[in-house]
Amino acid sequence: MRNNGLLTKKFDKLLIANRGEIAMRILRAAHELGLDTVAVYSDADRYAPHVRYAKEAYHIGPSPARESYLVIDKLLDVAKKSGAEAIHPGYGFLAERAEFAQACVDAGIVFVGPSADAIRTMGDKQRARETVMAANVPVVPGVAPGTDEELVAAGNEIGFPLLVKATAGGGGKGMRPVYAATELPDAIAAARREAQAAFGDGTVYLEKMIVEGRHIEIQLMADSHGNTIYLGERECSLQRRHQKLIEESPSFVVDEDLRRRMGAVAVAAAQAVNYVNAGTIEFLVDKDKHFYFLEMNTRLQVEHPVTELVTGVDIVQEMLRVARGRKLRITQEEVKMKGWAIECRINAEDPYNNYMPSTGTITTSRLPTGPGVRVDTGVFPGYEVTPYYDSMISKLICFGETRGEAALRMRRALAEYRIMGVKTNIPFHQHMMDSHRFLTGQFDTKFVEERFSMSDREVMDELEAAILATLAAHQRGQQASQIVAPGMRDTSNWKYLGRWERLRR
Amino acid sequence: MKYITMVNNQEYVIEIDHDDTIVVNGERYAIDFHSLPDGGVVSLLLNNRSYEAVVDERDETWEVLVRGELYSVTVQDERAYRLAKARGVETAVHGDVIIKSPMPGIIIAAPAAEGDVVQKGDKIIILESMKMENELRAPRDGVVARVQVKPGDSVEKDQVLAVIAEPQESDE
């Protein structure tokens, strides 16, 4: 079936055009549905779990994404070679590139996502704004793109603070907050530069900044038979430089009535572009609970698991069913939210050093487990965190009957998690789970940057760390002194050393 | 055997003479310490309080992960400690602070110029890597002695980007 550049049909073999934890997530859903799976990998990812887990795997080029995961022809080539009839793009990479969705359809391959038209419209922030405004969706007051001089003049008119945003932007790239008129020209230049580098398009516009705003988004699911439903909200206000760090569902500030109103508006926005498959409408909610459309993400979101845990809907399985032309399995009335879920993004970065990314080889990765704990990850001992891909190591998601129970469980799980070889932001999450402001739900999108500091974190186990290191060093020294005393052992010292080193791993 | 152990600029004197007790800064603790054959995992019972940790030696420091926090610990036995002291290694804290690239990337901007007086936390270099702009800030107050890169340069991991010298004494 083809309409609006959308192709849905039954398929039995799926290619996953992604890597890392999201490739694993999609592979799992596909295997649960009995589909055959095809992975692709760059030079850096030969040992990656998604390669080992898929039924088939194909090499697609060097480590930099622009020479592998971003090359449309290579992916279509693998689809042809392997006989894959559908492609799931995951998030990032090609997930929101309309030309990729179109190229799939042109090649007779199902793109697990919306039509190229919908991606194109929602991907251009200015067109998205105009489209949803026509559907009576509230938007943040702003100014259309123009020359630097026009923007500076218009900026002075709408007033400060405001945001400079890239029309092709996403994930905070090409976005700059401006608090005073004097900063505006520099901010426009920086945003243009970043957007040009990241998206090949330096077009920017201005938007009024909502102070004390919360970032709350609505998960949507639509089939190709005209049904569109919302799966509740996600609270994503805990961000740093517009990168989400902690997400939860439901939100502390959304009651039944607000949820219904936001859901209805989100559905209307999606229907304005004949949206099919999973999508997310991001809203800014001010302190008086007015909400404004920010943008639509026309793909699976990183933080989808919190919605899965509270609604019981397997979003990735549902995406695959919808792409096969099936109807949604549930109606709006059947969507019930139960309990609370919190997700912490575990990144390879140092919270004590300005969140500087940390590269290196992961030597230990022991995941937390037990009741109510889910970890989505794509790393393993021996995995190298490289500058080629983003710094996310895993997503730790905890469920509880109440928000308090979920937070306490998250504390427990964070303390259980053992990652060595790179620095991680686990202490940041621990500090957040201990913070009064988090536990009482009093935060907005500026909280992490402006009112949260690692410097007031108490050092807990310094003495114990000193003792542990000293005992380990002492034990090492004892082993070494045994090695230098020859004739004391019935085997060669080299053999003994080799055996000892292997035991240590 | 006596060790001098440093963590977060705190010094601990730790004596290990028996298998089942240690003395830390004069205080005796019962210990039971074992290395597990699993990725550097160790188990310590310290006065029967149980600690599981991961320890890993790299570049002469011990990295210890306990309850989510990573500690960098240096351990010297008494002899090495005295030798180091005698050689003056302890006091040879160099006046210059070198800012190195923590990872490969591209220089976006170098806001500090040679000769600038900077304070701890000031932006020195902006490096794009891992799809993000990363700000490398001054680790302490000082004067920018050298900036060895310019915007657009590609840099390798550990490449020296800038040097910050001791702050100049002001005329009283």
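Residues numbered from 1 in each chain as written. Chains lettered and ligands numbered in written order. Predicted model: local features only at pLDDT ≥ 70, side-chain atom pairs only at ≥ 80, totals over all residues. Heavy atoms only, no water.

Our next topic: the overall build of chain A. On a plain count of helices and strands, chain A comes out with 17 helices and 25 strands. Taking 2.2 N^0.38 as the reference for a compact globule, 505 residues should give roughly 23 Å; the C-alpha atoms of chain A span a radius of gyration of 25 Å, in line with that estimate. Principal axes of the C-alpha set define a box for chain A whose edges measure 85 × 55 × 45 Å. Counting across all 505 residues of chain A, residues that qualify as buried make up 60%. A sequence separation of at least 24 residues applies to 66% of the contacts in chain A between residues at least 6 apart. (Helix = DSSP H or I, 4+ residues; strand = E, 2+ residues; numbered from the N terminus. Rg over C-alpha atoms; globule rule 2.2 N^0.38 Å. Buried < 20%, exposed > 50% of the residue type's maximum accessible area, 1.4 Å probe, protein only. Contact = heavy atoms within 4.5 Å.)

Attention shifts here to the overall build of chain B. Counting its secondary structure elements, chain B contains one helix and 16 strands. Relative to the compact-globule value of 16 Å for 172 residues, chain B shows a C-alpha radius of gyration of 21 Å, a clear excess of over 25%. For the C-alpha atoms alone, the extent of chain B along its principal axes is close to 55 × 45 × 25 Å. In chain B, which comprises 172 residues, the share counted as buried stands at 42%. In chain B, 42% of the contacts between residues at least 6 apart in sequence involve partners at least 24 apart. Surface summary for chain B: the accessible area is close to 9800 Å², and the carbon and sulfur share equals 46%. The distance from the centre of the 18 positive side-chain charges to the centre of the 33 negative ones in chain B is 0 Å. (Areas by Shrake-Rupley, 256 points an atom, 1.4 Å probe, with all protein chains shown as cover. Lys, Arg positive; Asp, Glu negative; His and termini not counted. Charge placed at Lys NZ, Arg CZ, Asp CG, Glu CD.)

A common measure of how large an interface is: the accessible area buried when the components associate. In terms of domain boundaries, chain B breaks down into domain 1 (2–87) and domain 2 (97–165). When each unit is reduced to the centre of its C-alpha atoms, the spacing between domain 1 of chain B and domain 2 of chain B is 34 Å. (Domains from an automatic or database assignment.)

Put plainly, a disulfide is one covalent bond tying together the sulfur atoms of two cysteines. All names here are of chain A. A complete count under the given rule lists zero disulfides over all chains for this structure. Left without a disulfide partner, C344 is nearest to the cysteine sulfur of C398, which lies 7.4 Å away. Its relative accessible area of 0% is what places C344 among the buried residues. (Disulfide = S-S within 2.5 Å.)

So, about the pairing of strand 4 (residues 27–35) of chain B. All names here are of chain B. Two strands pair when backbone bridges link them, and strand 3 (residues 21–24) and strand 4 are joined in this way by four bridges, in the antiparallel orientation. Along strand 4, the bridge assignment pairs I22 with Y29. Linkage of strand 3 to strand 4, two consecutive antiparallel strands, is achieved through a turn of two residues, within which N25 is found at a positive phi near 45°. Note that strand 4 and strand 5 (residues 41–46) share five bridges and pair antiparallel. Note that in strand 5 the partner of S35 across the bridge is V42. If you look at the hairpin formed by strand 4 and strand 5, you'll find five residues sitting between the two strands, and G39 has a positive phi there, around 50°. (Pairing = 2+ DSSP bridges.)

Contact with chain B, which involves 58 residues of that partner, is made by 55 residues of chain A. Taking the shortest distance from any N to any O, the salt bridge between E52 of chain B and R418 of chain A comes out at 2.6 Å. Where chain B meets chain A, there are 15 residue pairs in polar contact (both at pLDDT 80 or more). At eight residues, strand 6 (residues 49–58) of chain B tops the list of elements feeding residues into the side of chain B that touches chain A. Grouping the constituent residues of the side of chain B that touches chain A by class yields 35 nonpolar, nine polar and 14 charged. (Salt bridge = Lys/Arg side-chain N within 4 Å of Asp/Glu carboxyl O. Polar contact = N/O pair within 3.5 Å; in protein donor to acceptor, adjacent residues only side chain to side chain. Nonpolar A, V, L, I, M, F, W, Y, C, P; charged D, E, K, R; others polar.)

The next subject is the packing of helix 3 (residues 72–82) of chain A against helix 4 (residues 98–106) of chain A. Residue and element names in this part refer to chain A. It is the contact of helix 3 with helix 4, at a shortest axis distance of 11 Å, that shows an interaxial angle of 30°. It follows from the interaxial angle that helix 3 and helix 4 lie roughly parallel. In this structure, the crossing between helix 3 and helix 4 has a hand that is right-handed. Across the interface between the two elements, I72, L75 and L76 of helix 3 pack against E99, F100, A103 and C104 of helix 4. Here the contact of helix 3 with helix 4 is built from residues that sort into six nonpolar, no polar and one charged. (Axes fitted to C-alpha atoms, helices over the stretch in contact; angles between N-to-C directions. Parallel < 35°, antiparallel > 145°, perpendicular 65-115°, else oblique. Left-handed = near helix turned anticlockwise from the far one by under 90°.)

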